[in-house]
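The residues making up each chain are set out below.
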Amino acid sequence: MSSQPLPGAGFSRHSVSVAGAVIRPDGRLLAIRRRDNDAWQPPGGVLELAESPQDGVRREVAEETGLIVEPEALTGVYKNMTAGVIALVFRCHVVGGRVRSTDEAVEVAWLTCHEVSGLMSEAFAIRLLDAVGFQGAPAVRVHDGVRLLA
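Report follows, based on the coordinates. (Residues numbered from 1 in each chain as written. Predicted model: local features only at pLDDT ≥ 70, side-chain atom pairs only at ≥ 80, totals over all residues. Heavy atoms only, no water.)

**Things to note about helix α3 (residues 122-132)**
Our working rule: A simple rule labels every residue: compare its accessible area, found with a 1.4 Å probe on the protein chains alone, to the largest value its type can have, and call it buried under 20%, exposed over 50%, or partly exposed in between. Numbering of helices and strands runs from the N terminus; a helix is a DSSP stretch of H or I covering at least four residues, while a strand is a stretch of E covering at least two.
Among the 11 residues of α3, 8 are classified as buried, and the element is accordingly described as predominantly covered. For α3, every residue scored as buried is listed here: A123, F124, A125, I126, R127, L128, D130 and A131.

**A closer look at the sheet that holds strand β8 (residues 139-143)**
Convention followed: Pairing between two strands requires that DSSP report at least two bridges joining them. Geometry is summarised by axes, namely lines fitted to C-alpha atoms with helices restricted to the contacting stretch, and by angles between N-to-C directions that run from 0 to 180 degrees. Contact between two residues is taken to exist if any of their heavy atoms lie within 4.5 Å; hydrogens are not considered.
The 5 strands are arranged β4-β1-β6-β5-β8 in an open sheet whose pairing can be described as mixed. Bordering the open sheet on either side are β4 (44-46) and β8, each of which pairs with just one other strand. Adjacent strand axes in the sheet meet at a mean angle of 30° when their direction is disregarded. The sheet contact formed by strand β5 (residues 67-80) and strand β6 (residues 85-97) spans 12 bridges and is antiparallel. Bridge pairing in β6 links V77 to L88. The strands touched by helix α1 (residues 53-65) are β1 (15-22), β4, β5 and β6; relative to β5, the strand with the most contacts, the crossing angle is about 110°.

**Quick notes on the packing of aromatic side chains**
We count it as follows: The criterion for an aromatic pair is that two Phe, Tyr or Trp rings (for Trp, the six-membered ring) have centres within 6.5 Å, with stacked assigned to planes under 30 degrees apart, edge-to-face to planes over 60 apart and tilted to the rest. Either the NZ atom of lysine or the CZ atom of arginine qualifies as a charge over a ring when it sits within 6 Å of the ring centre and within 35 degrees of the ring normal.
Under the defined criterion, the tally for this structure stands at 0 aromatic pairs. Taking NZ or CZ as reference, R127 lies 4.3 Å from the ring centre of F124, over its face.

**Brief notes about α1**
Applicable threshold: Between the first and last residue of a helix there are one fewer steps than residues, each counted as 1.5 Å, and that sum is the expected span.
With 13 residues, α1 extends 18 Å from end C-alpha to end C-alpha; this agrees with the ideal 18 Å at 1.5 Å per step. Every buried residue of α1 is listed here: G56, V57, R59, E60, V61, E64 and T65. Where α1 is buried, its residues contact β1, β2 (29-34), β4, β5, β6 and β7 (105-111). Following α1 by one or two positions, G66 has its phi on the positive side, about 85°.

The following block contains the structure:
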């Protein structure tokens, strides 16, 4: 075996984030308007080193919305090709808590699919729309931070 590093090894770094696609029985989707950039997105953030993806989703949704959720299924994997961020999105259901604005979210709302498409950039709206249409296999998509890439 060669001890030579693979091409590019050690030079390429990725960040992993998680997000919750929280869907109510009436089909409305949980979304936050971020305090830092005023953008509408699914609740989520950077996965910490010592936590599982499911625990990260629970933590992020609670921190950003006040809701306690239980992840059901991985519905999508999304890579921002510009920033090197890989997002794991889990479909979730609410098990407790109360919706509230937070230090990270100036507004928390339950949106229709149509509202999600109108308020969010394509790269973030698709994460919730993929969860609504989830058929058992996670979507795998790439984007530039705003638009999906072919």
